[in-house]
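Fold and geometry: a report
Now for the letters of each chain:
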Amino acid sequence: MNINDQLKHRLSKTFIEMTSPYRMKLPVTSLLVALTLGWATEPVKAEEYPVHPDSLPAEGVSKGKLVPFTYTADETSLFPGTVRDGAVYLPAAEHQKKTLALMVLQDGQAYLENTPTILDNLIARGAVPPMMAVFVNPGKVPSLREKGGQRFNRSFEYDSVSPRYASFVIDELLPFVAETHPDWTVTTDPNLRGVAGASSGAMAAFSAAWHRPDQFRRVLSTIGTYVGLRGGNRMEMLVRKTEPKPLRVFLQDGANDLNIYTGNWFIANQGMLSALQFSGYPVTNVWGEGGHNRKHERAILPDALTWLWDKWDKSPEITLLPPNQAHSVNKILAPGEPWVEISSGHEFTEGPAIHPETGDLYFSDLEGSKIWKIGSPLEADAKTEATLVLEESGGTNGLAFSHDGKTLYGCQRDARAVSAWDLATMERKVLAANVRPNDIAVAADGCIYYT
């Protein structure tokens, strides 16, 4: 490698490190030397996008209002000690008697430049429902370091593929907002509640809806970090492997997004699109030529929101498309048949076991300390509800049947025993005492194995 190639390599590496989420203090000597030797990158054409008409105030359209807030988390919070600011958008006064839809926007400060105006215009003509929009920034943790330094919690909160941030928004932030705006009623219908974000904020938005579709079902994702930061690269796989959830997703990215140690971000977004299509999600995308910035997003935001809330007033329920035939859900469900809830209200269902003769399904409620039975759907007169088999099971978890179906074996956590019940009488016999068993299996020769 000659000196010019070495310098190109060093400058490229320096640029990657400087633009990464884990920026380091680096000397600029490599850049200066490279420029001195006459080497420079080919200039990248500046991105230019026209201003969308809905991003500008429109004559005759009533304006909503923004109310700033600061939320300080106490020691019981999922993110203890964090302080975050934001603002709540409330639509114009004529909508104040209506139940509002909801949109939560991560990195909220970045949306405040034009989003309130966009919402004014879209609400006025019915393209989106009258809504409350919560613009919230990631948390900061005041530091003990000198000079007032702070720890920025953004990547920890946003890029982690877990329900933690979703739980924070649902159980802490939104109740706080409700307390400060008691005169406004926000819908509990998840079909009329959405989340949005860019970059790591997009990861947070998608993850919130993914983990809590009972709360959010519309997702706006721009330049999303579905890459190897804190596990976002697993999301594509999870979408492909998991039963589809009722989510409607808008994706945006640019061909010149980052290509660094965490992965190629544009390719990752294309992978997410493919996974969502494979699994039958209503999804659309807009790809551009831009880099890792919000210029393209700002230009298309009115159209993205319009698509995201399409048919909100007539048919708000998110309807999934048939997933690809290769999807695992098609190997479980009969063609055209949905899941049917048979029993609910249990505390912790576990230990399913099928009776070898009747096909009845037995299962345990571990925390409720009960054993239940559901009649086999193969029987013409089968009941489609659960019936109680044992009122007090001693915290039974795993279940298994003897080969002749006359005996039910169970792992009793609280009773600290492996036990057998005669199905005819439900009389109990202890097979192993002073153990703390979890799961159980019966081998072909009748031997019982438990963990």
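From a predicted model like this one, the values you see are computed outputs, not experimental measurements.

With that settled, the discussion passes to the overall build of the protein chain. A tally of helices and strands in the protein chain yields nine helices and 22 strands. Residues classed as buried in the protein chain amount to 47% of the 451 residues present. The long-range fraction of contacts in the protein chain, counting pairs at least 24 apart against all pairs at least 6 apart in sequence, stands at 65%. In the structure as shown, the protein chain presents an accessible area of about 23,600 Å², 54% of it carried by carbon and sulfur atoms.

The next subject is the pairing of strand 17 (residues 396–401). In terms of residue burial, strand 17 counts as a mostly covered element, since six of its six residues are buried. Strand direction decides the pairing type here: strand 17 and strand 18 (residues 407–412), joined by four bridges, are antiparallel. Residue T396 lies in a different strand from strand 18, and its bridge partner there is Q412.

This part takes up the side chain of H95. Locating H95 in the fold gives a position in the loop between strand 2 (83–90) and strand 3 (101–106). Discounting chain neighbours no more than four positions away, the residues touching H95 are L100, I123, P130 and W184.

The terminal C-alpha atoms of helix 8 (residues 265–278), which comprises 14 residues, lie 20 Å apart, in line with the 20 Å expected from a rise of 1.5 Å per residue. Burial runs high along helix 8: ten of the 14 residues are buried. Residues of helix 8 that are buried include every one of W265, F266, A268, N269, G271, M272, L273, A275, L276 and F278, and no others. As for helix 8, its buried residues are in contact with helix 6 (200–211), helix 7 (235–241), strand 9 (248–254), strand 10 (259–260), strand 11 (263–264) and strand 12 (283–288). If you check the start of helix 8, you find a side-chain oxygen 3.2 Å away from the backbone N of F266, and it comes from N264. Positive phi appears at G280, one or two residues downstream of helix 8, with a value of about 90°.

Close contact between helix 3 (residues 115–124) and helix 9 (residues 295–308) brings their axes to 10 Å; oriented N to C, the two are set at 50°. The angle between the axes of helix 3 and helix 9 places the two elements in the oblique class. Pair helix 3 / helix 9 crosses with right-handed handedness. Where helix 3 approaches helix 9, its residues T115, I118, L119 and L122 are matched on the opposing element by L301, P302, L305 and T306.

Attention shifts here to the sheet that holds strand 19 (residues 417–422). Note on sheets: strands pair through backbone hydrogen bonds, and any given pair is parallel or antiparallel. Here we have four strands laid out as an open sheet, ordered 17-18-19-20, and antiparallel in their pairing. Pairing within the sheet leaves two strands with one partner each, and these edge strands are strand 17 and strand 20 (428–433). Each neighbouring strand pair of the sheet contributes to a mean axis angle of 25°, computed without reference to strand direction.

The phi torsion at I223 lies on the positive side, around 40°, for a residue other than glycine. Looking at I223, the relative accessible area reads 3%, which means it is buried. The backbone of N434 sits at a positive phi, close to 60°, despite the residue not being glycine. Within the element layout of this structure, N434 appears in the loop between strand 20 and strand 21 (440–442).

Let's shift gears to the sheet that holds strand 14 (residues 361–365). Reading across from one edge, 13-14-15-16 is the order of the four strands in this open sheet, with antiparallel pairing throughout. Here the strands that pair on one side only, and so sit at the sheet edges, are strand 13 (349–354) and strand 16 (386–390). Each strand axis lies, on average, 30° off the axis of its neighbour in the sheet, ignoring direction. Pairing geometry for strand 13 and strand 14, over four bridges, is antiparallel. Bridge pairing in strand 14 links T349 to D365.

A few words now on the packing of aromatic side chains. All told, the structure shown has twelve aromatic pairs when counted by the stated rule. Relative to F176, the ring of F69 lies with its centre 5.9 Å away and its plane at 65°, an arrangement referred to as edge-to-face. Here the residue F69 occupies a position in strand 1 (residues 65–72), and F176 occupies one in helix 5 (residues 164–180), the gap between them amounting to 107 residues. In this structure F69 comes out as buried when scored by relative accessible area, which is 10%. Counting every residue linked through ring pairs, the aromatic cluster contains F69, Y71, F79, F156, Y158, Y165, F168 and F176.

Okay, the pattern of salt bridges next. Side chains that carry opposite charge are capable of pairing whenever their charged atoms lie near each other. This model, assessed by the stated rule, comprises twelve salt bridges. Here D107 and R154 are joined by a salt bridge, their closest N and O atoms 2.8 Å apart. Placement of the pair is D107 in the loop between strand 3 and helix 3 and R154 in helix 4 (residues 154–158), with a sequence separation of 47 residues. For E113, the salt bridge is made with R298, and the minimal N-O distance between the two is 4.0 Å. On the criterion of sequence distance, the pair formed by E113 in the loop between strand 3 and helix 3 and R298 in helix 9 is long-range, its members being 185 residues apart. Ionic contacts of the salt-bridge type, sharing partners, join the residues E367, R413 and D414 into one network.

The buried fraction of strand 9 is high, at seven of seven residues. Side-chain alternation along strand 9 places R248, F250, Q252 and G254 on one buried face and V249, L251 and D253 on a second face that is also buried. Bridging between strand 8 (residues 218–222) and strand 9 involves five bridges; their strand directions are parallel. Paired with L220 across the two strands is F250, which belongs to strand 9. On the question of chirality, the crossover connecting strand 8 to the parallel strand 9 by way of helix 7 is right-handed.

Another point: the side chain of D365. Mapped onto the elements, D365 comes out in strand 14. The buried charged residue D365 lacks any salt bridge partner; its closest oppositely charged side chain belongs to K370, at an N-O distance of 6.3 Å.

Glancing now at the environment of E236. Along the polypeptide, E236 turns up in helix 7. On the basis of relative accessibility, which here comes to 28%, the residue E236 falls in the partly exposed class. When the C-alpha atoms of E236 and G271 are compared, they prove to be 6.5 Å apart, with 35 residues separating the residues in sequence.

Rules and cut-offs
- Residues numbered from 1 in each chain as written.
- Predicted model: local features only at pLDDT ≥ 70, side-chain atom pairs only at ≥ 80, totals over all residues.
- Heavy atoms only, no water.
- Helix = DSSP H or I, 4+ residues; strand = E, 2+ residues; numbered from the N terminus.
- Buried < 20%, exposed > 50% of the residue type's maximum accessible area, 1.4 Å probe, protein only.
- Contact = heavy atoms within 4.5 Å.
- Areas by Shrake-Rupley, 256 points an atom, 1.4 Å probe, with all protein chains shown as cover.
- Pairing = 2+ DSSP bridges.
- Expected span 1.5 Å × (residues − 1).
- Polar contact = N/O pair within 3.5 Å; in protein donor to acceptor, adjacent residues only side chain to side chain.
- Axes fitted to C-alpha atoms, helices over the stretch in contact; angles between N-to-C directions.
- Parallel < 35°, antiparallel > 145°, perpendicular 65-115°, else oblique.
- Left-handed = near helix turned anticlockwise from the far one by under 90°.
- Phe/Tyr/Trp six-rings, centres within 6.5 Å; stacked < 30°, edge-to-face > 60°.
- Salt bridge = Lys/Arg side-chain N within 4 Å of Asp/Glu carboxyl O.
- Right-handed = clockwise from strand over helix to strand, strands pointing away.
- Lys, Arg positive; Asp, Glu negative; His and termini not counted.

Fair warning: the whole summary comes from geometry, so function is off the table for now.
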